[in-house]
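Commentary on secondary and tertiary structure
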Amino acid sequence: MSYQLVIAEKPSVARSIAGVIGADKKQDGYMEGNGYLVSWCIGHLVSLADAGAYDEHFKKWRYDDLPILPQEWQYIIPAEKKGQFAVLRSLMERPDVTGLVCATDAGREGELIFRFVYQMAGCKKPFKRLWISSMEDAAIREGFAHLKPGADYDNLYQSALCRAQADWLVGINATRLFSILYHKTLTVGRVQTPTLNMLVDREAKISNFKKEKYHVVHIAAGGMEAASDRFLNPDDADATKTACAGAQAVCVSVKREKKTEQPPRLYDLTTLQREANRLFGFTAKQTLDYAQQLYEKKLLTYPRTDSQYLTDDMQPTAESIVSGLWPLLSFAAGLDIAPQFGRVLNSKKVSDHHAIIPTMEFVQKGFDGLTEGEKKLLSLVCCKLLCAVAAPHVYEAVTATFTCAGNEFTAKGKTILTPGWKEIERRFKASFKTDADEDAPELPEITEGQTFDPVEASITEHFTTPPKPYTEDTLLSTMERAGAEDMPEDAERQGLGTPATRASILEKLVQMGFVERKGKQLLPTKDGHNLVCVLPDVLTSPQLTAEWETKLTAIAKGEADPEGFMAGIEEMTRGLISRYSQISEDAQKLFQTERVVIGKCPRCGEAVYEGKKNYYCGNRACQFVMWKNDRFFEERGKTFTSKIAAALLKDGKAKVKGLRSMKTGKTYDGTVLLADTGGKYVNYRVEKRS
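Residues numbered from 1 in each chain as written. Predicted model: local features only at pLDDT ≥ 70, side-chain atom pairs only at ≥ 80, totals over all residues. Heavy atoms only, no water.

This part covers helix 19 (residues 562-579). Relative to the 26 Å expected for 18 residues at 1.5 Å per residue, helix 19 spans 26 Å between its end C-alpha atoms, a close match to the ideal helical length. Of the residues making up helix 19, those classed as buried are Pro-562, Phe-565, Met-566, Ile-569, Glu-570, Met-572, Thr-573, Leu-576 and Ile-577. One side of helix 19 holds all its buried residues, which, seen down the axis, span an arc of 160 degrees. Set apart from the buried face of helix 19 by more than 90 degrees, the exposed residues are Glu-563, Glu-571, Ser-578 and Arg-579. Packing partners of the buried residues in helix 19 comprise helix 5 (154-182), helix 17 (537-540) and helix 18 (542-556). With a side-chain oxygen lying 3.2 Å from the backbone nitrogen of Glu-563, the N-terminal cap of helix 19 falls on Asp-561. (Helix = DSSP H or I, 4+ residues; strand = E, 2+ residues; numbered from the N terminus. Expected span 1.5 Å × (residues − 1). Buried < 20%, exposed > 50% of the residue type's maximum accessible area, 1.4 Å probe, protein only. Arc of directions from axis to C-beta. Contact = heavy atoms within 4.5 Å. Polar contact = N/O pair within 3.5 Å; in protein donor to acceptor, adjacent residues only side chain to side chain.)

A regular strand places its side chains on the two faces of the sheet in alternate fashion. Relative to strand 21 (residues 614-617), strand 20 (residues 607-610) runs antiparallel, the two being bridged by 3 bridges. Paired with Val-608 across the bridge in strand 21 is Cys-617. Between strand 20 and strand 21, which pair antiparallel one after the other, the connecting turn spans 3 residues. Taken together, the 3 bridges between strand 21 and strand 22 (residues 625-627) define a ladder with antiparallel strand orientation. The residue bridging Tyr-616 from the neighbouring strand is Val-625, located in strand 22. (Pairing = 2+ DSSP bridges.)

Tallied over the full model, the rule gives 2 cavities of 30 Å³ or more. Of the pockets and cavities examined, the largest cavity occupies roughly 70 Å³. Around the largest cavity, the lining residues are Val-13, Ile-17, Ala-103, Thr-104, Asp-105, Ala-106, Leu-130, Ile-132, Met-135, Tyr-295 and Tyr-302. Taken together, the residues of the lining of the largest cavity sort by class into 9 nonpolar, 1 polar and 1 charged. Elements supplying a minimum of two residues to the lining of the second largest cavity: helix 6 (192-208) and strand 18 (521-524). Here the element with the most residues in the lining of the second largest cavity is helix 6; it accounts for 4 residues. Residue composition of the lining of the second largest cavity, by class: 7 nonpolar, no polar and 2 charged. (1 Å grid on protein atoms, 1.4 Å probe; cavity = no way out; pocket = protein on both sides within 12 Å on 5 of 7 lines; lining within 4 Å. Points joined across faces, edges and corners; volume = space filled by probe spheres on them. Nonpolar A, V, L, I, M, F, W, Y, C, P; charged D, E, K, R; others polar.)

So, about helix 2 (residues 82-93). Note on helix geometry: an α-helix contains 3.6 residues per turn, so any two residues three or four positions apart are oriented the same way. Relative to the 16 Å expected for 12 residues at 1.5 Å per residue, helix 2 spans 16 Å between its end C-alpha atoms, a close match to the ideal helical length. The complete set of buried residues in helix 2 reads Gln-84, Phe-85, Val-87, Leu-88, Leu-91 and Met-92. Taken around the axis of helix 2, the buried residues stretch over an arc of 155 degrees, which confines them to a single face. Elements in contact with the buried residues of helix 2: strand 1 (3-8), strand 3 (30-33), strand 4 (36-40), strand 7 (97-103) and helix 3 (108-120).

What follows concerns the sheet that holds strand 7. Pairing is mixed in the open sheet, where 7 strands are placed in the order 2-3-4-1-7-8-9. The open sheet has two edge strands, strand 2 (25-27) and strand 9 (148-149), and neither has a second partner.

The tally for this structure, following the rule as stated, stands at 34 salt bridges. Its salt-bridge partner being Asp-154, residue Arg-115 comes within 2.9 Å of it at the nearest N-O pair. Linking Arg-115 in helix 3 with Asp-154 in helix 5, this pair joins segments that are 39 residues apart in sequence. Judged by relative accessible area, Arg-115 falls into the buried class, the value being 6%. One continuous salt-bridge network, built from bridges that share partners, spans Arg-108, Glu-109, Arg-163, Asp-167, Arg-190 and Glu-549. (Salt bridge = Lys/Arg side-chain N within 4 Å of Asp/Glu carboxyl O.)

Let's shift gears to the packing of aromatic side chains. Within this structure, the stated rule accounts for 27 aromatic pairs. A cation over a ring is seen here: Lys-211 above Phe-463, with NZ or CZ 4.6 Å from the ring centre. The ring of Tyr-214 has Arg-230 lying over it, and the distance from NZ or CZ to the ring centre is 4.0 Å. (Phe/Tyr/Trp six-rings, centres within 6.5 Å; stacked < 30°, edge-to-face > 60°. Lys NZ or Arg CZ within 6 Å of the ring centre and 35° of its normal.)

Let us look at the environment of Thr-447. Checked against the element boundaries, Thr-447 lands in the loop between helix 13 (421-431) and strand 15 (451-452). Owing to a relative accessible area of 47%, Thr-447 belongs among the partly exposed residues under this scheme. For the pair Thr-447 and Val-254, spaced 193 residues apart in sequence, the C-alpha to C-alpha distance is 6.7 Å. Sequence-distant contacts of Thr-447, defined by excluding residues within four places in its chain, comprise Cys-251 and Val-254.

Trans peptide bonds make up most of the peptide bonds, and negative phi angles are found at most residues other than glycine. In the segment running from Leu-66 into Pro-67, the intervening peptide bond is cis, with an omega of -5 degrees. On the secondary structure map, Pro-67 appears in the loop between strand 5 (47-48) and strand 6 (75-76). A cis amide bond links Asp-453 with the next residue in sequence, Pro-454, at an omega value of -5 degrees. Within the secondary structure layout, Pro-454 lies in the loop between strand 15 and strand 16 (456-463). Positioned with a positive phi, His-183 is a non-glycine residue whose angle comes to about 55 degrees. Among the structural elements, His-183 can be located in the loop between helix 5 and helix 6. Here His-183 falls in the exposed class, since its relative accessible area comes to 57%. The phi torsion at Lys-298 lies on the positive side, around 70 degrees, for a residue other than glycine. In this fold, Lys-298 is placed in the loop between helix 9 (284-296) and helix 10 (315-325). Judged by relative accessible area, which is 14%, Lys-298 ranks as buried.

Here's what the structure looks like:
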């Protein structure tokens, strides 16, 4: 009997596929049955090797070794993943396996994961591609009925390979170059560095902002309220208020304009991340994690998508899902919409995956057994689907203009004619107690020529406001649009990163200490500021990555040459290294951590600083040092804190609670003396117990 070997990206996805295609026998590292063997990778099983793998010499970071440009790329399997790789290789080598099915996630990175494993195992057997947008049983069955030839995705693989190799070249060389120059590990990345630059730019605009005071005069009479333009001079505002108080206001014009707000589009990943951040405070990574979990539970379609449409043939599916959602969503109870599906269907605007929507499986199962975060995210996606197929929101915008004592005043309001999709959104927000949008008030009936008196006049004081710090919502939006003005209109992928990578970029910046979270805000740290200041424009501007993404998309479509792209990256890397060969001595100190003085040295009187592992004298000629892991404190079960060290330096002794007796093991409070003999080591002893 011959077998087809199906390779998924994760164990959970492999189990779902195996259940549908009848591979129901569990083996060690794979499932078997019905002519299939189903196994899995664990994310990236095979990765590009680090520089040290090319030459022992590269394990140390030296300027003279740069640029590092591999001629033959090398690959590694991380130690913890070697077992699963061995399983896959042995399955590929089985003589009864006649072909493979690549069932990794249907996108650029999924393609790379499978191809690396296939090549590393030296496999030459033919393979086909499973390309699906949902983990539902019906979608898997449909996908297996229409498997595509593996070669159809060769260009996608070339694009993924170029992305990985180019990121390696720029990341490794630029990180080493600037870390060597500044004596601190400074991680530089094609997407993360321009993203950091945006945060630094915004902070500069906020700190350089000079707020200006202005005044607005308000008039009110007979239910009418209107406001003047801004007055920068308070005396002018006072004069206007005085002139209007008790005078007559006349309505000189009433403009009524019927306006229609079309329903929103469905979610792609970035829009979902933005709205989940704005409404629930989820980070981009949390949203992606929840969406991925829901996808693997078959309740949501594939999340890493940049499309906001469904394909034309999905109308029956969409109709079934929408009609099945009403009983599951408490906020939609009693609402009556006549769904219009035309707006959400457009095959031309779906590249790899359609928009994110709930699945039929969710319609059958509901919210049972989901975590709070998963429920919120799924409800948000359901709400968006209902809004997208609901009626437009129609209202009448009213602008009334008044004159009073020779001055002009304006009142704005709106009258809702058809609530449409906004009513669904309003109910959704109310049910989750998130902030509702503020709407203009309804104006009383006003006609042209109508007079109002006597007028009451008042003044309010305002200040111009600086730009707001970025939140994940606003930063993701800016990343999506970054560099767009330098790109052709029809460029498929604009901005920084891809919907699938933006969340991890933000997390990495926080982990590396270049960005900190303060509530919903993302703020650059001092090191983040400095890093952006020292790097060249080519690394901090979004143009580079925007150009890359355009070229990578062209490679994926077979419209550009991978070798030409990589030659350009190598040339850029060489230029970077030759341009930055040395920097001034002052600049080298830019990233030094500020040393914390904790006392005076008992030997030479100089300052004693806290280091990572010790407390040391700042005078290099003096050898005074107290080690944090000194045996005296370790044996007595105490951490040698900076507070104890400061007391020892100040008074020669420190009161310490909870010392452990080396004879009895019981704890006691005592006074520790600094017994410095002037030699290489500092000694301590316990003076007395209390």
